[in-house]
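# Overview (structure and organization)
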Amino acid sequence: MKYSGYILLAIVWLALPFVLERHAIDLLVFCGFYAVAGAGVGFLLGQGGIVNLGQAAFYGLGAYSSAYCTVQLGLPAPVGILTGVVVSLCLAFLIGRPILRLSGYFLALATLALGIICSNLFYEAEFITGGTLGIPGVPKLSVLGFALDTPTKFYFLIWPVAVLCVLSMRSLMSSRIGLAMQAMRDAPEAAMVLAIDISRLKLWMFLISSVLGSVAGSLFAHYVGFVNVDSFGVERSIFFLLVPVIGGAASPAGVLVGALFVGLVPEALSVLGDIHRVLFGLALVATVVFFPDGLIGLLKRLADTCIPARRQALKMEQSR
Amino acid sequence: MPISLTRRTVLGAMLAPAIIRPTLGHAAEPIRLGAILSATGPGAGVGLPQRNGVLLAVKAINEKGGIAGRPIELLVEDDGSNPDAAVTKANNLIFSQKVKAIIGPTLTASTLSVGGVADPEKIAVMPFTGLGLEMEKQRRSVFHMLPTQDLNARALLEFVTKNMKTRKVAVLHDSAYGNIVMTKLKEVNATYNVDFVAAEKWEVGATDVTTQAAKIKATAPDVVLVIGNSATPFRNLRQIRMNAPLMSALGTASYEYVRAMGDAADNIIFAEFLVAEDPLPYQKDFVETFHKEYDTFPKTMEASAWDAVHAVAAGIAKAGPDATPAAISDAIRGPYAGAMAKFDFSAPDLTGLSLSSYVYSKLEKGKFTRVPFTAGQ
Amino acid sequence: MSMMLLAQACATGITNGLIYALVGLGMAVIFKGSRLINAMHGELAVVGAATAVYCVEIAMWPTWLAVTMGMLIAMVLSTLVDIGLVRRLFNRNAREESFLLLTVGLGFTFSAAVLYVFGREEHLLPAFGDEIYEVAGAIIREQTIWIVGIAAFILIGLKLFYKYTDFGLAMMAASIDPDGAATTGINVRLMRTATFALGGLMAAVAGLLVTPMIGVSYQMGPILTLKGFAAAVLGGLTNPLGALVGGITIGLLESLSIVYISSGLKDAVALSVLIVIMILVPDGILGRSGRKGG
């Protein structure tokens with residue numbers, strides 16, 4: 001997309017909070033959390049072909065760390081966020097080393113099991129997590145003395161963070177490491193011949209994904225002000241996975257589009273009554289079946305057919 | 001046995017509009033109320049009966065002319081048993097739809113998250129949960145329609161010690177709500193001094209708890225407290241011939257659970273609030289109205305929902321239909337005599353129920369009968 | 001720790017294990033025939049059982065007819081999923097994850113649909129018989145014996161089917177080497193559809209057999225899928241007998257950890273052991289035929 005397109009998008013983004021209703025902005029903030037955590041999952045999926053069904057565990061760790069550090073220990077917010085990152089890295093390292101030896105369905109099952117085990121432990125470790133009742137009263141974040149206590153204010157924090165995460169993933173993808181990861185995914189035997197340490201790469205990717213999940217969780221805790229184990233179950237992990245699946249795992253912009261879909265569509269469908277969950281399931285099945293490159297792929301194809309400049313470029317490419 | 005409620009659920013779900021508009025003929029401007037309930041997800045088990053009660057209450061009030069001549073317009077939202085979605089719905093109802101009060105939510109987590117949004121705005125919230133955390137006492141606009149777990153725990157032990165006159169108690173509870181009650185049981189035991197010979201846990205959604213039941217049977221208790229929203233533990237206990245009486249709380253005291261218990265629906269005591277087969281005088285009207293509308297009997301959840309709407313209506317009538325949400329909240333914060341029980345929303349626990357509010361029922365061969373026992377004496 | 005408690009724990013562990021095994025069996029069959037993991041298998045079991053419950057309780061049909069209907073609906077649903085959706089994915093050479101995500105999405109849809117259509121309550125079906133047996137102080141219900149018998153029957157039937165019938169051999173060939181199979185005239189697509197139909201039938205059978213014991217409700221699908229998948233994986237994924245062994249292993253693990261460790265940590269323990277087993281024994285406890293996804 002050309003620069004003019006990006007500038008237009010930025011202007012729209014800036015203007016939105018002033019034209020939308022509060023709960024719509026609230027939804028967009030949640031989309032931001034989905035984008036950050038989903039970027040991690042998308043990274044693993046798109047670059048490594050790894051299905052990670054345990055991202056909610058790291059999301060929860062980040063959220064609980066932030067909540068515990070600020071509420072029980074009275075420490076400042078950044079300490080909580082950092083604690084979350086460190087704890088998540090440790091867990092990802094300890095668990096990642098052994099399970100990343102698996103692949104395909106087995107790895108997916110192992111990540112799912114990880115998610116469930118953590119969920120179980122969140123319930124049990126009442127003295128830290130507050131069990132079923134959770135930890136309320138998580139303080140709002142303040143940036144430069146300015147408290148982020150409304151959806152609009154948080155919107156202006158989370159979206160730059162999300163875009164930053166997504167852009168970092170993109171630059172990682174085009175770096176040497178990223179190319180090595182693609183080699184690993186597309187031609188593992190060749191990659192091995194080139195002395196690319198596959199297991200180390202996979203571990204790095206898993207660590208990065210866990211950090212993204214943790215940061216998203218910490219920010220979530222400071223936004224909602226209340227952390228509870230119900231927010232960190234398998235369904236949440238599935239939603240995080242849906243972000244790159246629906247949006248398009250191969251492209252970072254796909255993560256943003258996917259996050260918007262996953263955050264906004266269930267809410268939009270809920271006006272249709274109790275059947276909304278069924279419809280959401282159908283929408284996602286349709287996306288998997290009919291839009292293999294995700295919505296980004298769809299948008300690209302639409303752009304290719306509708307925008308004359310792109311049509312020309314495509315024709316020239318095809319005739320070459 | 002035909003499941004008439006299931007048929008109604010299907011029809012009801014297809015026909016029940018998301019917005020209850022007042023019938024034509026009311027020229028007066030409607031009063032807008034919001035409701036956040038769990039109609040889908042794991043909470044639907046209690047959320048749907050609550051919705052039935054709420055819809056019936058609004059209908060009944062509007063049929064009698066509304067509040068001060070103005071009809072109620074109810075916006076019902078489904079949080080899908082998800083506390084994060086509940087926040088979004090609350091933001092919508094409060095800031096965009098400008099409702100005067102919120103009925104619900106269904107689940108504790110949603111109550112805590114919605115309370116964080118509503119209480120600073122002083123909008124009255126009537127959740128179907130008991131006060132859970134100390135800090136909730138500061139949220140003076142978030143009232144509670146169900147007893148605290150502390151009170152539930154006491155209600156159970158009152159019956160065990162004073163009616164059954166026994167002290168050898170085992171507890172089988174789930175890892176969520178049941179866990180909270182278990183903690184409270186241990187706390188209030190200072191007053192009752194029962195001997196908890198076993199305490200076993202099952203995870204929410206478990207398909208079988210026979211092993212836990214076997215551990216309990218091995219300790220030979222005189223009564224087993226079963227706490228959690230599932231019929232499975234009841235079945236499993238009876239299947240391994242654990243024949244001591246069972247006791248449970250209001251969450252499982254419903255006809256759906258009784259059906260799911262099958263043959264195990266016998267010799268079970270509930271500490272609840274409404275036995276429709278033998279209602280207390282102040283409950284008769286509600287039971288009749290409900291029966292006429294839905295062709296079945298209500299239990300505690302439906303009564304609680306009915307009371308929530310009526311308490312809000314009473315508050316609005318008192319403060320005036322044009323009053324601010326804060327004024328309405330203040331007007332609600334006082335005693336209210338409902339069909340479920342006598343509340344006092346000005347109490348420190350924002351519920352005002354007491355041990356004597358409980359109505360104990362006994363399930364014998366699938367039928368509820370009221371037990372003539374009053375706790376707290 | 002009394003003998004009676006241990007005996008009951010083992011009996012219960014095996015009974016629950018059989019439930020997981022039945023679900024896992026169906027998943028192994030689908031994997032064997034298509035190299036795909038059916039993440040909505042538990043939901044198919046729920047749909048089959050819920051249909052039967054509906055027929056019995058609302059339509060007032062006799063049990064045998066309701067059960068047949070349940071099996072039919074699950075089979076038809078499964079077949080439609082293959083023809084309408086899975087085939088499309090195959091046609092564009094979709095990656096492994098897409099199939100997983102497709103079935104996850106479908107599972108989500110079916111669960112929500114069951115809630116919407118059947119309601120939130122839990123329902124039971126009549127059991128084969130109501131006898132109770134006592135072995136070493138442990139209570140075992142008659143239904144369990146029936147399940148063991150029917151599972152054995154299914155296993156033998158499957159073994160004979162895959163080894164000795166042309167159709168069964170064709171189904172296996174189509175999944176192990178689709179191109180090779182196609183050259184010998186096997187209609188690979190039809191074989192896969194047949195696999196899904198068979199898988200759907202087995203899911204329904206699993207659901208119908210276990211509903212008299214544990215009831216059916218709209219939330220059960222994902223748990224059954226997870227446990228069934230774990231059972232199948234433990235057993236080596238392509239080996240139906242392995243699913244049986246895997247399922248019983250998980251059931252016993254759960255039961256014994258409740259008795260010896262703590263009832264609260266049962267899932268954490270069972271799943272941790274599962275992960276350890278997956279890492280240490282990559283081909284599963286009984287698997288030989290080489291797992292795909294490796």
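These figures come from a predicted structure and were not determined experimentally.

Cut-offs used in this document
Every residue gets a number counted from 1 within its own chain, in the order that chain's sequence is written. Starting at A for chains and at 1 for ligands, labels are handed out in the order in which the entities are written. With pLDDT at 70 or above as the cut-off, local features in this predicted model cover only qualifying residues; side-chain atom pairs require 80 or more to be listed or tallied, and sums for whole chains, interfaces and linings still use all residues. In computing side-chain values, all of the structure's heavy atoms are included and hydrogens and water are not. In what follows, residue pairs with any heavy atoms lying within 4.5 Å of each other are defined as contacts. By buried area we mean the combined loss of accessible area, with a 1.4 Å probe, across both parts when two parts are placed together. Note on definitions: salt bridges are taken to be side-chain nitrogens of Lys or Arg within 4 Å of carboxyl oxygens of Asp or Glu. Only runs of H or I of at least four residues qualify as helices and only runs of E of at least two qualify as strands under DSSP, and these elements are numbered from the N terminus. Asp, Glu, Lys and Arg are counted as charged, while Ala, Val, Leu, Ile, Met, Phe, Trp, Tyr, Cys and Pro are counted as nonpolar; the rest, among them Gly, fall into the polar class. For two strands to be treated as a pair, DSSP must find at least two bridges joining them. Note on geometry: axes are C-alpha line fits, over the in-contact stretch for helices, and angles between N-to-C directions span 0 to 180 degrees. Each residue is assigned to one of three classes by its accessible area relative to the maximum for its type, calculated with a 1.4 Å probe on protein chains only: buried under 20%, partly exposed between the two thresholds, exposed over 50%. Whether a crossover is right-handed depends on one test, that the path from the first strand over the helix to the second runs clockwise when the strands point away from the viewer. Any pair of N or O atoms that falls within 3.5 Å is considered a polar contact. Within protein, one atom must be able to donate a hydrogen and the other to accept it, and sequence-neighbouring residues count only if both atoms are side-chain atoms. Where each domain starts and ends follows an automatic or database-derived domain assignment.

This part is about the interface of chain C and chain B. On the side of chain B, 39 residues touch chain C, which itself brings 36 residues to the contact. Summed over both sides, the interface between chain C and chain B buries roughly 3400 Å², with carbon and sulfur atoms accounting for 57% of that surface. Among the residues of chain C in contact with chain B, C:Ile58, C:Arg120 and C:Glu122 are the three that bury the most area, contributing 19% of the side total. Here chain C and chain B share three salt bridges between them. Notably, a salt bridge pairs B:Arg241 with C:Glu134, separated by 2.9 Å at the nearest N-O pair. Broken down by secondary-structure element, the contributors of at least two residues to the side of chain C that touches chain B are helix 1 (3–34), helix 4 (96–118), strand 1 (132–135), strand 2 (138–141), helix 8 (188–214), helix 9 (220–234), helix 10 (240–260) and helix 11 (266–280) of chain C. By residue number, the principal contributor to the side of chain C that touches chain B is helix 1 of chain C, which donates six residues. A class-by-class count of the residues in the side of chain C that touches chain B yields 18 nonpolar, ten polar and eight charged.

In this section: the sheet that holds strand 14 (residues 367–371) of chain B. Residues and elements named next belong to chain B. Spatial strand order, 7-6-8-9-10-13-14: seven strands in an open sheet with mixed pairing. Edge positions in the open sheet fall to strand 7 (195–202) and strand 14, since each of these has one partner strand only. This sheet shows a mean twist of 25° between the axes of neighbouring strands, independent of strand direction. Where strand 13 (residues 359–364) meets strand 14, five bridges bridge the pair, whose relative direction is antiparallel. From the neighbouring strand, Lys362 faces strand 14, where its bridge partner is Thr369.

Below, the discussion takes up the pairing of strand 9 (residues 246–249) of chain B. All names here are of chain B. Burial along strand 9 is two-sided: Leu246 and Ser248 facing one way and Met247 and Ala249 facing the other are all buried. Taken together, the three bridges between strand 8 (residues 223–227) and strand 9 define a ladder with parallel strand orientation. What sits directly across from Val224, in strand 9, is Leu246. Considered for its hand, the β-α-β crossover made up of strand 8, helix 8 (residues 232–239) and strand 9 is right-handed. Across four bridges, strand 9 lies against strand 10 (residues 268–272) in parallel orientation. Note on strand 10: the bridge partner recorded for Ser248 is Phe270. The β-α-β motif built from strand 9, the intervening helix 9 (residues 255–261) and the parallel element strand 10 has right-handed crossover chirality.

Time to look at the pattern of salt bridges. Residues and elements named next belong to chain B. Within this structure, the stated rule accounts for 25 salt bridges over all chains. The partner of Lys215 in a salt bridge is Glu200, with the nearest N and O atoms 3.4 Å apart. Of the two residues, Lys215 sits in helix 7 (residues 210–217) while Glu200 sits in strand 7, which places them 15 residues apart along the sequence. The class for Glu200 is buried, based on a relative accessible area of 8%.

Among all residues except glycine, the phi angle is most often negative; among peptide bonds, the trans geometry is most common. All names here are of chain B. The step from Gly104 to Pro105 runs through a cis peptide bond, and the omega angle for that step is 0°. Among the structural elements, Pro105 can be located in the loop between strand 4 (101–103) and helix 4 (108–118). At Asp295, a position not held by glycine, the phi torsion is positive, near 70°. Inspection of the secondary structure puts Asp295 in the loop between helix 10 (284–294) and helix 11 (300–319). Backbone geometry places Lys365, a non-glycine residue, at a positive phi of 50°. Assignment of secondary structure puts Lys365 in the loop between strand 13 and strand 14. Taking relative accessible area as the criterion, Lys365 reaches 71% and is therefore assigned exposed.

A few words now on the interface of chain C and chain A. Contacts between the two partners involve 43 residues from chain C and, on the opposite side, 40 residues from chain A. Around 3600 Å² of area is buried between chain C and chain A when both sides are counted, 80% of it from carbon and sulfur atoms. In terms of surface lost to chain A, no three residues of chain C exceed C:Leu101, C:Phe108 and C:Ile279, which account for 18% of the buried area on that side. For the pair chain C and chain A, the interface holds zero salt bridges. Where chain C touches chain A, the interface holds five residue pairs in polar contact (both at pLDDT 80 or more). Of all elements in the fold, only helix 3 (63–91), helix 4, helix 9 and helix 11 of chain C reach the threshold of two or more residues within the side of chain C that touches chain A. Of the residues forming the side of chain C that touches chain A, the biggest block, 14 residues, is contributed by helix 4 of chain C. Considering only residue class, the side of chain C that touches chain A consists of 26 nonpolar, seven polar and ten charged.

Residues and elements named next belong to chain B. According to the domain assignment, chain B consists of domain 1 (4–148 + 281–355) and domain 2 (149–277 + 357–371). Its C-alpha centre places domain 1 at a distance of 28 Å from the equivalent point of domain 2. Every contact between the two is made by 19 residues of domain 1 and, on the other side, 22 residues of domain 2. For the pair domain 1 and domain 2, the summed buried area comes to about 2000 Å², and 62% of that belongs to carbon and sulfur atoms. Area buried by domain 1 at its contact with domain 2 is led by Thr148, Lys299 and Leu355, which between them contribute 38% of it. Scanning the region where domain 1 abuts domain 2 turns up one salt bridge. The salt bridge partner of Lys299 is Glu272, with a shortest N-O separation of 2.9 Å. Linking domain 1 with domain 2 are eleven residue pairs in polar contact (both at pLDDT 80 or more), by the criterion used here.

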